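# Tertiary structure, described
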Amino acid sequence: MATVTAPVTDALLPVYKRAPMELVRGQGVILFDADGKEYVDFTSGIAVNALGYGDEGLRRAIERAADGLIHVSNLFRTAPGEALAERLVELSFADRVFFCNSGAEANEGAFKFVRRWARSIGGPARNEIVALRGSFHGRLFASLAATDRPGYRAPFRPLAGGIAIAERHLDELAALLNPESVAALILEPIQGEGGVRVLDTDFVQALRRMTKERGIALIFDEIQCGLGRTGTLFAHEQFGVRPDVMTLAKPLAGGLPMGAVLMTEEIASAVQPGDHGTTFGGGPLVAAVALYVLGRLADPALLSHVTTEGRWLGEVLQALKTRNPKIRAARGMGMMWGIDVSDPAADVVARARSSGLLLVTAGEHTLRLLPPLIITREELARGLELMEAALG
Ligand SMILES: Cc1ncc(COP(=O)(O)O)c(C=O)c1O
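Note that the coordinates shown come from a computational prediction; the quantities given were computed from them, not determined experimentally.

In this section: the overall build of the protein chain. Tallying secondary structure elements over the protein chain gives 13 helices and 17 strands in all. In terms of C-alpha radius of gyration, the protein chain reaches 21 Å, essentially the compact-globule figure of 21 Å for 392 residues. Seen through its principal axes, the protein chain has C-alpha atoms that stretch 65 × 55 × 45 Å. The buried share among the 392 residues of the protein chain stands at 52%. Long-range pairs, those at least 24 residues apart, make up 70% of the contacts in the protein chain with a sequence separation of at least 6.

Written out as structure tokens, the structure reads:
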């Protein structure tokens, strides 16, 4: 069936390289375009739609939430945001939560909180934030300064100051993490946009020890890898370490915009009323929906499904690599995989799309698989078949 080319409006700012078809409907892990063509979705709206499409429970949660208040302002108390914060605290290392509206905003908030904390114990000279080579933390000025993508950064300089990018080497980090000047180290336990790079457990554990010894805050950006995607509720559970601060977003409110910064009491105790804020953050509608979604994502049955099917997926990808010379490497965990391919990844994505599979890239020669967490083995197999055909 021919792919519909929806009329392209000139009214939208053309910052995205959009695929030509217009998506109109979804069910489970399948999306449909305006022409009725089906796509197996291995993107989940870039790690957002963990529950897939057309989820009846999510629809009902949104309906129930819409019966209540939609927004009032953070000048007043509302129950859903309080309940969601309490649930996140129960489920994590954290004592306090700040809500915002996106991943980049969560990281910007985290940077402010760690600077506030570092200044309170070490004076104004302790303000630097260190991020890692290959990182992606967002597109706003501070999160962009912590993002290792020259093409995203160059046109917008000057970026926020006091933010450095370090190689993923312990020796270099040991030299750079000066407790007189550094407030925090931020890392993604699994770098997403940077190629689905699972950091070594030893490396992450050594960085935890080093930051603790030096009194430097450790921030985990789990915006893409967190909330069930690896098979544990938080990705850092796979590494046996706990951060001081963690940022979440993407799947948190089931596709409604929401971000969160989770932190220990020590960091939180330095933050004063008036230090930070946002109009929409943690509003009653979005928080009520997130409370429902969090319940689903924290369900041990879902997490064990992600673990089991993720292991199977990993085995199939390794087998594929052995028989297909176009695949150079496959790495990942749970429902988050990167596949290095010899062809330009964008070409494979385009071929896959025309045969009915949605994929994203993570670099010029890396395909990224981020299927909904509810995907079945049969659906995974169907997508993998289409992927293999698209590889040629
Ligand atoms: C690890 C990570 N951090 C931050 C962000 C930025 O999130 P947002 O696009 O919601 O601003 C992303 C988005 O892809 C991400 O993957």
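Moving on from the model shown.
Close to the ligand lie 13 residues, the nearest being Gly103, Ala104, Asp221, Gln224 and Lys250. The protein chains hide 80% of the 390 Å² of surface that the ligand would expose on its own. Counting residues per element, the shell around the ligand draws most heavily on helix H4 (residues 103-122), which supplies 3 residues. Of the residues in the shell around the ligand, the class split is 3 nonpolar, 6 polar and 4 charged.

The next thing to look at is the nonpolar core. In terms of nonpolar packing, the biggest core is built from 63 residues, with Leu317, Leu367 and Met387 touching the most fellow members. Considering every element that reaches this core, the biggest residue donor is helix H10 (residues 284-297), with 8 residues. Two domains share this core, each providing at least three of its residues, namely domain 1 (23-55 + 300-391) and domain 2 (68-297). Ignoring sequence-local partners within four residues, the contact set of methionine 387 consists of Leu317, Leu320, Ile339, Leu357, Leu359, Leu367 and Leu369. Counting residues in each nonpolar core, the second largest holds 28 residues, with Phe113, Trp117, Ala118 and Ala184 among its members.

Basis of the calculations
Residues numbered from 1 in each chain as written. Predicted model: local features only at pLDDT ≥ 70, side-chain atom pairs only at ≥ 80, totals over all residues. Heavy atoms only, no water. Helix = DSSP H or I, 4+ residues; strand = E, 2+ residues; numbered from the N terminus. Rg over C-alpha atoms; globule rule 2.2 N^0.38 Å. Buried < 20%, exposed > 50% of the residue type's maximum accessible area, 1.4 Å probe, protein only. Contact = heavy atoms within 4.5 Å. Near = heavy atom within 4 Å. Areas by Shrake-Rupley, 256 points an atom, 1.4 Å probe, with all protein chains shown as cover. Nonpolar A, V, L, I, M, F, W, Y, C, P; charged D, E, K, R; others polar. Core = buried A, V, L, I, M, F, W, Y, C linked by side-chain atoms within 4.5 Å. Domains from an automatic or database assignment.

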